[in-house]
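Residue-level structure breakdown
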Amino acid sequence: MCWDPGTHFIIAARRRSRSYICKKFPKLLKRKKRRKKEKKKKKRTNNSIKTSKYNFFTFLPLNLFEQFQRIANAYFLFLLILQLIPQISSLAWFTTVVPLVLVLAVSGVKDAIDDFVRSWQVVGELDEKWMNVQVGDIIKLENNNFVTADLLLLSSSEPHSLTYIETAELDGETNLKVKQALTVTAELGEDLQKLTEFNGEVKCEAPNNKLDKFTGTLTLRGEKYALDNEKMLLRGCTIRNTEWCFGLVIYAGPDTKLMQNSGKTTFKRTSIDRLMNVLVMVIFAFLGLMCLILAIGNGIWEFDKGYYFQVYLPWAEGVNSASYSGFLMFWSYVIILNTVVPISLYVSVEIIRLGNSFYIDWDRKMYYPLNDTPAQARTTTLNEELGQIKYIFSDKTGTLTQNIMCFNKCSINGKSYGDVYDMSGQRIEINENTEKVDFSYNQLADPKFAFYDHRLVEAVKLNDVPTHRFFRLLSLCHTVMPEEKKEGNLVYQAQSPDEGALVTAARNFGFVFRARTPETITVVEMGETKVYELLSILDFNNVRKRMSVIVRSPEGDLTLYCKGADTILYELLHSSCDSLKEETTEHLNEFAGEALRTLVVAYKNLDEDYFQDWIRRHHEASTALEGREDKLSELYEEIEKDLMVGFSGNLGQALGEAARLVVLGCVTGAVRNMAVLAMNIGYSCNLLNDDMEDVFIIEGRTSDDVLNELRNARKKMKPDSFLDSDESNIQFEKSSKKTKIIPDEEANGVYGLVITGHSLAYALEGNLELELVRTACMCKVVICCRVTPLQKAQVVELVKKYKKAVTLAIGDGANDVSMIKTAHIGVGISGQEGMQAVLSSDFSFAQFRYLQRLLLVHGRWSYIRMCKFLKYFFYKNFAFTLVHFWYGFFSGFSAQTVYDEWFITLYNLVYTSLPVLGMSLFDQDVDDRWSMLFPQLYVPGQQNLYFNKMVFVKCMLQGIYSSLILFFIPYGAMYNTMRSDGKAIADYQSFALMAQTCLLIVVSVQIGLDTSYWTVVNQFFIWGSLSVYFAITFTMYSDGMYLIFTASFPFVGTARNTLSQPNVWLAIFLSITLCVLPVVGFRFMKAQLKPTPSDKLPRMAFKPEHLRLRRTSTRRSGYAFSHQHGFGALIMSGRNMRPKSPFATTGTFSPNSEKYKHKGL
């Protein structure tokens, strides 16, 4: 197999066998020459895909490249090189090598483990044997098998070589789709001899990401046959309701259409990481300025004083001028002052992120017991980013909704069923302890079906005519296919979850759909088997939004049964139903107000003569060569008039709790039907509501139409946005090659926007993308319907490009992978569509509702903890390091350190490491309950208020101020000071001890002020660190240590001589007071004048709550069929029918029999 870029390629099959598949045919490479110049060939090997970033050979260089993108790591490498130069090295080389290697090793091991686990899980998902499948192989798939390559369907076990597939991994839909093989290949069957002799050649398009298109030809025995998408089984599909099928591999591995849509795994970094790179550059500049000042000072001092002082203090070897001495001192001070960016910063950051990741893994409130799935932080580098999410991009099917349908409530003849009431007639909430209806009397009932209102079963047992008619309609009006491999074990293969839920409900209430043929439908009604003659199926389409069947009962009665969207069927009802329609409408509004999906079912008794005339005209219309669809639609409209209604139903779709989260940004989703159905989903999920000013629908068919619709929407939301004085317009008038960031624009109300996939394709073009992002970001909710996986990723990329905001994408299928990879944060849900989304995600859990806790609790806590950590860390190191700077002016700029070398070594490693880690791992400004109750607490993270450039400048200024206090107060206290016994203590060692003691106590008090949530661990770390400091100090400055290690511990006796003086402690107390008092005063004034949301919380918490009355929605959730048009015709043709089940005509129960007559419900 080979192809030229932009042309076709050829696949040929020949003989060869494999043990794990029925037949394998190798590739035949064939060069295609269209030009004289030889073109580059691209070879295909196997079906393996790469989901990891590293391999054995690329791990070390690639990981080191990623780690040295952190400027601080590169800076420490530069310091190491400096320390290897003896003339300027003021510290030993290993003081930098050991921590640098440790940081790189810890980060590298963590990245390797994360990547290995991700890759291992992918391999575990698919059988390793599929990795060896190659283009040109013929493979056999069986029922429920996952399709692992793009195949051309050759033959199957079903009549006419039909194959039923589920494409949830591709488009999020669980409804069945039908594929059919060519007749010429269908005759191969499962005959291995014929498959062995098969020798065809496929010429088709090069690999691409178009899921709905395929063009090719099959050449077999000299004849050419056209190939299209209806004959392809794409990777990501699942075989359903088909015993076996054979397929020829067309695309494998990364060339499959699914993988072409999956996007590339990228290295994700948080906004705080990017900000820290900028701040580190600022610190470097500040460090360079300080070193330059001190170097100039050294040059001046050596020229003015040192040159004449060489007898006592000679210049170093090789130094022959004051300017050269200043040059060397510049680099010496670079080494001494490097602690303004200590390497321990990044080690601490990794530990904090790892700890906060464990909190997500251990959170029992995000554990889903039904399938034993805990939440999982699949990466440990993005935790704080969860606290800054501004735009959420969500898949709809299976994510925002769980893609599970169940029969919930119904209204029959004006009476509502489904609610449960107590003895006093008060409605009670249904929970796991509520008594379920006992369906044990029905041996054909589905044991998984649950219903709680016993009144409906009583109505069925009392032979209530409207109730029987309701369930009879549900058992007849559908396109479900039954499967019964052993008696009583019925399995329904439905085109949509809606259909399956309705037929299952009828089955449990005694109307069991048992079997069908092209001409009949067999139903077991209350234990009696009845065979209805199926005369016609009036198929569903997106315009009709309904389907009907015409059947003849065993008694000879002709009846039309219809079901569809309530808004459509109400227009077709007979005038005699007006009073009943009002009662039913009230119930429907009540159901829709609970976010349930509603529909109406109706019936009509037909006259025999009229029907014979209608069926004749129907046959003529169905065979017409011109205007066939229009003629059939007219006939359908004619016979579906004057329907009778006495009942309605609703389906409960398990919805994600999205309403309180979408305020963070836009939501996108893949909805199968048109924009109106997308709106219905929006209303069902409470994303859209009646309080919105307007919901715009963008469905233009040309680029100009889309542009006009977007501009009209923006003009209504913010007319001023078209003025020349508008900030965004001014910014984009400036010529610049750099991508411009659009400022946030506030609309004059709350709006929603719905855009179709076709219109979105135009809107994503270069000249329209700016208009799209401006209009969309003014809306509270944006719903994109019928979009491709690539379009999902493009929408996310568009927002990342023009908005300075953090994005999150959440989905549960393979069609969401590209979106998940593109967003700053990718969240996968282990739902109904496999594990592909989870394997590509950064965080995963089982239910969409857990996203609220992930962001509002874990994300917010992680962000606040990281911000507090960084503020404190920069402050304590500025205060620590700048004391060296002030000391330089009093030491002849000689690069002499203020503190004892052991204190410098242990300051960040021992004395201040645990307290800040304790705060960063356990601190909470409010608990999880308050975080969930008051989502406005999340806003500061979106606005990046807790740590930004201005906050950093404040930390720097506070550190400079504290360093001044910590140097000059001890200096003044020691200057010409005498002990109580008359001896002087004004020496360097006493000053160093006093300065470092003041420093450590001040930073300990500061972290106490920063801590909001005190635990035993915090107390132990703070008091323990101070205790360890004094214990180590008295030990190292003791006579014994001096005698053992004379050169290493020269501060003999300093601790006991200095810290025993009252004036020393008074100076320490004064230093602490002067450092802390301004901070306390500033925070008090800020809380009063400019409070944060956390400061406002006590006042918000004790405000009297206003009762929120849930009003009935005036917008009903239309019946969102997910049929394929034409499926009814397929059933009527009989091409998809299997041999008749031997159990299909036997009745097995009767609820009115003596056996069940007295059985309680």
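Note that the coordinates shown come from a computational prediction; the quantities given were computed from them, not determined experimentally.

We now examine the overall build of the chain. Within the chain, the regular secondary structure consists of 39 helices and 33 strands. Across the 1161 residues of the chain, 56% fall into the buried class. Accessible surface for the chain amounts to roughly 51300 Å². Of this, 57% is attributable to carbon and sulfur atoms.

Taken together, the side chains of Leu289, Ile293, Phe889, Phe890, Leu964 and Phe968 make up a nonpolar region of the molecular surface, amounting to roughly 520 Å² of accessible area. Elements supplying a minimum of two residues to the nonpolar patch: helix 8 (271-304) and helix 31 (949-974). Tracing the sequence through the fold places Phe890 in the loop between helix 26 (850-888) and helix 27 (901-911). In this structure Phe890 comes out as partly exposed when scored by relative accessible area, which is 42%.

The predicted model of the chain has a mean per-residue pLDDT of 79, with 79% of residues at 70 or higher. Averaged pLDDT values over the elements of the chain bottom out at 41 in strand 1 (residues 2-3) and peak at 94 in helix 26. Here residues 1-9 is modelled with pLDDT under 50, and outside its nearest four sequence neighbours on either side it reaches 41 contacts, counting other chains as well. Note on residues 14-45: pLDDT under 50 across the span, and 80 contacts to partners over four residues away in sequence or across chains.

With that out of the way, let us pick up the packing of helix 8 against helix 31. Two elements in contact, helix 8 and helix 31, have axes whose closest approach is 11 Å; the angle formed by their N-to-C orientations is 35°. The crossing of helix 8 and helix 31 is right-handed. Where helix 8 abuts helix 31, its residues Leu275, Val278, Leu279, Val282, Ile283 and Phe286 lie against Lys949, Phe952, Met956 and Ile960. Classifying every residue of the contact of helix 8 with helix 31 by side-chain character gives nine nonpolar, no polar and one charged.

A positive phi is found at His160, a non-glycine position, where the angle reads about 60°. Non-glycine residue Arg221 carries a positive phi angle of around 55°. Along the chain, the position of Arg221 falls in the loop between strand 8 (216-220) and strand 9 (223-227). The class for Arg221 is exposed, based on a relative accessible area of 61%.

This part takes up the sheet that holds strand 5 (residues 162-166). If you walk across this open sheet you meet the three strands as 6-5-11, and the pairing is antiparallel. A single partner strand is all that each edge strand has here, and the edge strands are strand 6 (176-180) and strand 11 (238-240). The average undirected angle you get between the axes of adjacent strands in this sheet is 45°.

Moving on, we come to the sheet that holds strand 28 (residues 694-698). Strand order in this open sheet of three strands is 28-29-30, and the pairing throughout is parallel. Both edges of this open sheet fall to strand 28 and strand 30 (781-785), since each of them pairs with a single strand only. Between one strand axis and the next, the sheet turns through 15° on average, direction left out of account. Pairing analysis gives five bridges linking strand 28 to strand 29 (residues 751-756), with the strands arranged parallel. When the bridges of strand 29 are listed, Ile698 appears paired with Ile755. Here helix 19 (residues 703-717) sits on the sheet in contact with strand 28 and strand 29, set at roughly 165° to strand 28.

For helix 23 (residues 789-802), which comprises 14 residues, the first-to-last C-alpha distance of 21 Å matches the rise-based estimate of 20 Å (1.5 Å per residue) to within 8%. Among the residues making up helix 23, those that are buried are Pro789, Gln791, Lys792, Ala793, Val795, Val796, Leu798, Val799 and Tyr802.

With that settled, the discussion passes to a negative patch on the surface. On the surface, Glu190, Asp191, Glu197 and Glu243 cluster together to form a negatively charged patch. Of note, Glu243 is situated in the loop between strand 11 and strand 12 (244-251). On the basis of relative accessible area, Glu243 is assigned to the exposed category, the value being 58%.

Glancing now at the nonpolar core. Residues Leu345, Phe869, Leu870, Phe878 and Leu999 are the most contacted members of the largest nonpolar core, which totals 97 residues. Per-element accounting of this core gives the leading share, 18 residues, to helix 26. Once residues within four sequence positions are removed from consideration, Phe869 is found in contact with Leu345, Ser348, Val349, Ile352, Val916, Met919 and Ser920.

Looking now at helix 27. Those residues of helix 27 that fall on the buried side of the exposure criterion are Phe903, Leu906, Tyr907, Asn908 and Tyr911. Along its buried surface, helix 27 packs onto helix 10 (344-362), helix 26, helix 28 (913-922), helix 32 (988-1010) and helix 33 (1016-1036).

What counts, and where the lines are drawn
For every chain, the first residue of the written sequence is number 1, and numbering continues from 1 along that sequence. Per-residue local features are limited, in this predicted model, to residues with pLDDT of at least 70; the limit for side-chain atom pairs, both in listing and counting, is 80 or more; totals at the level of whole chains, interfaces and linings are taken over all residues. Note that the side-chain values use all heavy atoms of the structure and ignore hydrogens as well as water. Strands here mean DSSP runs of E at least two residues long; helices mean DSSP runs of H or I at least four residues long; both are numbered from the N terminus. The buried label applies to any residue whose accessible area, calculated with a 1.4 Å probe on protein chains only, is under 20% of its type's maximum; exposed applies above 50%, and partly exposed to all values in between. Method for areas: the Shrake-Rupley scheme with a 1.4 Å probe, in which residue coverage is limited to the protein chains shown. Patch membership is restricted to residues that have no salt bridge and whose relative accessible area is over 30%. Joining uses 9 Å for like charges and 5 Å for the nonpolar side chains Val, Leu, Ile, Met, Phe, Trp and Tyr. For this analysis, a salt bridge means a side-chain nitrogen from Lys or Arg found within 4 Å of a carboxyl oxygen belonging to Asp or Glu. The predictor attaches a confidence to each residue, and that confidence, scored 0 to 100, is pLDDT. In this analysis, two residues are considered to be in contact whenever any of their non-hydrogen atoms come within 4.5 Å of each other. Between N-to-C directions, angles cover 0 to 180 degrees, with each direction set by a line fitted to C-alpha atoms, over the stretch in contact for helices. Two helices crossing with the near one rotated counterclockwise from the far one by less than a right angle form a left-handed crossing, whereas a clockwise rotation gives a right-handed crossing. All residues other than Ala, Val, Leu, Ile, Met, Phe, Trp, Tyr, Cys, Pro, Asp, Glu, Lys and Arg, Gly among them, are scored as polar; the first ten of these are nonpolar and the last four charged. Only strands that DSSP links by at least two bridges are regarded as paired with each other. A helix is expected to span 1.5 Å multiplied by its residue count minus one. When charges are counted, Lys and Arg contribute as positive and Asp and Glu as negative, whereas His and the chain ends are disregarded. Where a charge lies is defined by one atom per residue type, namely NZ (Lys), CZ (Arg), CG (Asp) and CD (Glu). In this description, a nonpolar core means a group of buried Ala, Val, Leu, Ile, Met, Phe, Trp, Tyr and Cys residues linked to one another through side-chain atoms lying within 4.5 Å.

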